[in-house]
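# Summary of structural features
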Amino acid sequence: MAQDLRTYLRQLAEFDKRSVRLVDKEVDPRFGITGYAAALAEKGQYPSLLFNNVKGAEFACVSNLLTEYERIALYLGCEVQDIPRVYGEKLQKPIDPVVVERSQAKVKENVVAEQDVDLGKLPIPVHNELDGGPYLSAGVMIIRDPESGLINAGIYRHQIFNATDMGVWFLGAHHGGLIYKKYKKMGKPAPIAIALGHHPGFVMGSVSRVQGIGGEYEAAGALMGEALELVRAETSDLLVPAHAEIILEGEILPDEDHAEGPFGEWPGHYLGGGSVPTIRIKRITHRNNAIFQDIVASSREHLVVGGVPRSGSIYQTVKEVVPSLKTVHVPFYARMHCYISLHKEREADVKKAAFAALNTEQENLRHIVVVDDDIDVFKGEEVAWAIGTRFDAERDLLVIPKWNGPGGLLPTNWEYSKEGKNTPRMSAAAIVDATKPAPPIVFPKRAVVPREHIELADLDALSEPGTDGLDKWL
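Reading guide: rules and limits
- All chains use their own residue numbering, which begins from 1 and follows the written sequence.
- Only residues with pLDDT of at least 70 are given local features in this predicted model, and only at 80 or more are side-chain atom pairs given and counted; all residues enter the totals for whole chains, interfaces and linings.
- Side-chain figures throughout are based on the complete set of non-hydrogen atoms in the structure, without hydrogens or water.
- Numbering goes from the N terminus for both helices and strands, where a helix is a DSSP run of H or I of at least four residues and a strand is a run of E of at least two.
- Atoms counted for the radius of gyration: C-alpha only. Globule rule: 2.2 Å times the number of residues to the power 0.38.
- Each residue's exposure class comes from its accessible area (1.4 Å probe, protein chains only) as a fraction of the maximum for that residue type: buried when under 20%, exposed when over 50%, partly exposed otherwise.
- In these tables, accessible area is a Shrake-Rupley quantity obtained with a 1.4 Å probe, and a residue counts as shielded only by the protein chains included in the view.
- Counting rule applied: Lys, Arg positive; Asp, Glu negative; His and chain ends not counted.
- Where a charge sits is defined by one atom per residue type, namely NZ (Lys), CZ (Arg), CG (Asp) or CD (Glu).
- The term salt bridge refers to a pairing of a side-chain nitrogen on Lys or Arg with a carboxyl oxygen on Asp or Glu at a separation within 4 Å.
- Two strands pair under a simple rule: DSSP has to find at least two bridges between them.
- What makes two residues a contact is simply this: any of their non-hydrogen atoms within 4.5 Å.
- Nitrogen and oxygen atoms within 3.5 Å of one another constitute a polar contact, given that in protein one can donate a hydrogen and the other can accept it, and given that sequence-neighbouring residues count only through two side-chain atoms.
- Every angle, taken between N-to-C directions, lies between 0 and 180 degrees, and every axis is a line fitted to C-alpha atoms, over only the stretch in contact when it is a helix.
- Should the near helix be turned anticlockwise from the far one by less than a right angle, the crossing is termed left-handed; should it be turned clockwise, right-handed.
- Only Asp, Glu, Lys and Arg are considered charged, only Ala, Val, Leu, Ile, Met, Phe, Trp, Tyr, Cys and Pro nonpolar, and every remaining residue, Gly among them, polar.
- By convention, orient the strands away from the viewer: a clockwise path from the first strand over the helix to the second makes the crossover right-handed.
- In this text, buried Ala, Val, Leu, Ile, Met, Phe, Trp, Tyr and Cys residues form a nonpolar core when linked through side-chain atoms within 4.5 Å.
- UniProt positions are given in the numbering used here, feature names are shortened, and annotations may be inferred rather than shown by experiment.

### Points about the overall build of the chain
- Looking only at helices and strands, one finds 12 helices and 23 strands in the chain.
- Over its C-alpha trace the chain gives a radius of gyration of 24 Å, about what one expects of a compact globule, namely 23 Å for 474 residues.
- Projecting the C-alpha coordinates of the chain onto the three principal axes gives extents of approximately 75 × 60 × 50 Å.
- Relative to its full complement of 474 residues, the chain shows a buried share of 50%.
- Approximately 22000 Å² of the chain is accessible, and the part contributed by carbon and sulfur atoms is 51%.
- Positive and negative side-chain charges of the chain, numbering 52 and 65 respectively, have mean locations separated by a distance of 3 Å.

### Quick look at the pattern of salt bridges
- One pass over the structure, following the stated rule, counts 27 salt bridges.
- The shortest N-O distance in the salt bridge between Glu 234 and Arg 102 comes to 2.8 Å. With Glu 234 in the loop between strand 12 (229-232) and strand 13 (239-241) and Arg 102 in the loop between strand 4 (98-99) and strand 5 (110-112), this residue pair connects regions lying 132 residues apart in the sequence.
- By sharing partners, the salt bridges in this structure join Asp 372, Asp 374, Glu 382, Arg 390 and Arg 446 into a single network.

### A few points about the pairing of strand 8 (residues 151-155)
- Most of strand 8 sits out of view: four of its five residues are buried.
- Sheet topology places strand 7 (residues 140-144) next to strand 8; five bridges connect them, and they run antiparallel. When the sheet's bridge partners are listed, Ile 142 is paired in strand 8 with Ala 153.
- Here strand 7 folds back onto strand 8 in antiparallel fashion, the turn holding six residues, of which Gly 149 has a positive phi close to 80°.

### Description of the environment of Asn 152
- Of note, Asn 152 is situated in strand 8.
- A C-alpha to C-alpha distance of 12 Å links Asn 152 and Ile 194, two positions 42 residues apart in sequence.
- The contacts of Asn 152, once residues within four sequence positions are left out, are Met 141, Ile 142, Ile 143, His 175, Gly 176, Ile 179, Ile 213, Gly 214 and Glu 216.
- One polar contact links the side chain of Asn 152 to the main-chain amide nitrogen of Gly 214, over a distance of 3.0 Å.

### A look at the packing of helix 1 (residues 5-15) against helix 3 (residues 69-76)
- Where helix 1 meets helix 3, the closest approach of the two axes is 11 Å, and the angle between their N-to-C directions is 115°. Read as a crossing pair, helix 1 and helix 3 show a hand that is right-handed. In this structure, helix 1 contributes Tyr 8, Gln 11, Leu 12 and Phe 15 to the contact, and helix 3 contributes Arg 71, Leu 74 and Tyr 75.
- Tallied by class, the residues present in the contact of helix 1 with helix 3 amount to five nonpolar, one polar and one charged.

### Digging into unusual backbone geometry
- A cis amide bond links Gly 261 with the next residue in sequence, Pro 262, at an omega value of -5°.
- A cis amide bond links Gly 405 to the next residue, Pro 406, at an omega of 0°.
- Here Pro 406 is to be found in the loop between strand 20 (397-404) and strand 21 (414-416).
- Notably, Asn 64 is not glycine yet its phi reads approximately 65°, a positive angle.
- Relative to the assigned elements, Asn 64 resides in the loop between strand 3 (60-63) and helix 3.

### A look at the pairing of strand 19 (residues 367-372)
- The element strand 19 is extensively covered by neighbouring structure, given that five of its six residues are classed as buried.
- Two elements, strand 18 (residues 337-342) and strand 19, share six bridges in a ladder whose sense is parallel. Its bridge partner being in strand 19, His 337 is matched across the sheet by His 367.
- In this view, the connection linking strand 18 to its parallel neighbour strand 19 by way of helix 9 (residues 348-360) has right-handed handedness.

### A closer look at the nonpolar core
- Among the nonpolar cores identified, the biggest contains 47 residues, and Ile 72, Leu 76, Ile 83 and Met 204 are the most heavily contacted of them.
- Where this core is concerned, the elements lending two or more residues are helix 1, helix 3, helix 4 (83-91), helix 7 (216-224), helix 8 (300-321), strand 19, helix 10 (380-390) and strand 23 (427-434).
- Here this core gets six residues from one element, more than from any other, and that element is helix 3.
- If near-sequence neighbours (up to four positions away) are discounted, Ile 83 is found in contact with Tyr 69, Ile 72, Ala 73, Leu 76, Cys 78 and Val 308.
- In terms of nonpolar packing, the next biggest core, distinct from the first, is built from 38 residues, Ile 33, Met 141, Ile 179 and Tyr 183 among them.

### Comments concerning the sheet that holds strand 13
- A sheet is described by the order of its strands in space; here three strands give the open sequence 4-12-13, paired in mixed fashion. With one partner strand each, in any of the chains shown, strand 4 and strand 13 form the two edges of the open sheet.
- Two strands pair when backbone bridges link them, and strand 12 and strand 13 are joined in this way by three bridges, in the antiparallel orientation. Among the inter-strand pairings, Arg 232 is bridged to a residue of strand 13, identified as Leu 239.

### Things to note about the UniProt feature "domain: 3-octaprenyl-4-hydroxybenzoate carboxy-lyase-like N-terminal" (unreviewed entry) in the chain
- Taken from the UniProt record, the annotation "domain: 3-octaprenyl-4-hydroxybenzoate carboxy-lyase-like N-terminal" (unreviewed entry) applies to residues 21-90.
- Helix and strand shares over residues 21-90 are 39% and 16% respectively, and the end C-alpha atoms of the span are 31 Å apart.

Structure below.
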């Protein structure tokens, strides 16, 4: 059976039954869905949430699905610390998609004709307090390049304007935006489809750093470990995921823009927006009992989904220039940071690794911290310890002026005024060398318990005595 959102939900529930919670109580799509995620986050809990009763909607909604690294490791089949390496290695071995017959495509079980399209029947959330309206945050937009014929897929933000229309916000050199401009130059609408609800490998494959236009379907196959099954769309020649939960089909209009925003983006602030192209939806296909998928915007899930693919890409790039690389980590709590651990053989290794990372993710990385291979970069406290004990700001800090920007989503890439006007500016990046000196210099050894004695500790012999068991001492 082909993998999809439902096979992953089953795998996740079997892995940890508390990782999937069902909400049967009616919730309002305006802050109700994200309110549950935020309330749980305040308690340090991040379960996947399946909402079965969203006010005004005809479908269930799953949200908060990919908030934990363990859930990424689960579908990749690896340990958490190996995610960047395994992710990067899988992307080096893309798997071509396959086309299946319409009768085999579960997403064709129901077809909504153009005259019946109503986006209000989808459980599309308003995520955060100042958002301009409901947004698709986990929709994978599919578009074909009119010159090469290649299909490109990516996640963009889509504000819902009315029953049939939504926006699409392109940032910088997004391939989808470049393709749209080709259609616009020809004065033609751009056929698109938006896939909602699929296996995490498909979702993350769509935001992976693949070279050139296209390649996301092949990346998804690599991450899923099998060929992604596709089927022809209803209204165009696009090939769409055959086992998505929902497919929206339509066109980006060449000459109809619409005011958009604000929207709380992944850095946790309100930036971007303005006038954006309009998408008009003309057909909807969906599975029986379809599950709409949402990513909680400006939250832990938003950061994990964006950070893991970048870690995989950075791992591959850095490994090419510094073979002694151990691993990399773009932490969910600061996706502008990248932590790199390596076995330093020469002093130049630090700068080579750091610049490779910066050049892989130029738009978003602000701070590169390089540590030795005895530091677990998935534990922020260990990185902080390395900075405190192995980093001298006068000697080991490299500031790169005017690296990021101008403008974009990072708040530091703007100048602000008391009148409330924002002016784009460039901002700096920094490289923090928190490594010991390279051989043959001798640096003080780290204080640790011998490994053989750690392994001898019988943790199964531990008990919980309560106060009664402590009577001898109390």
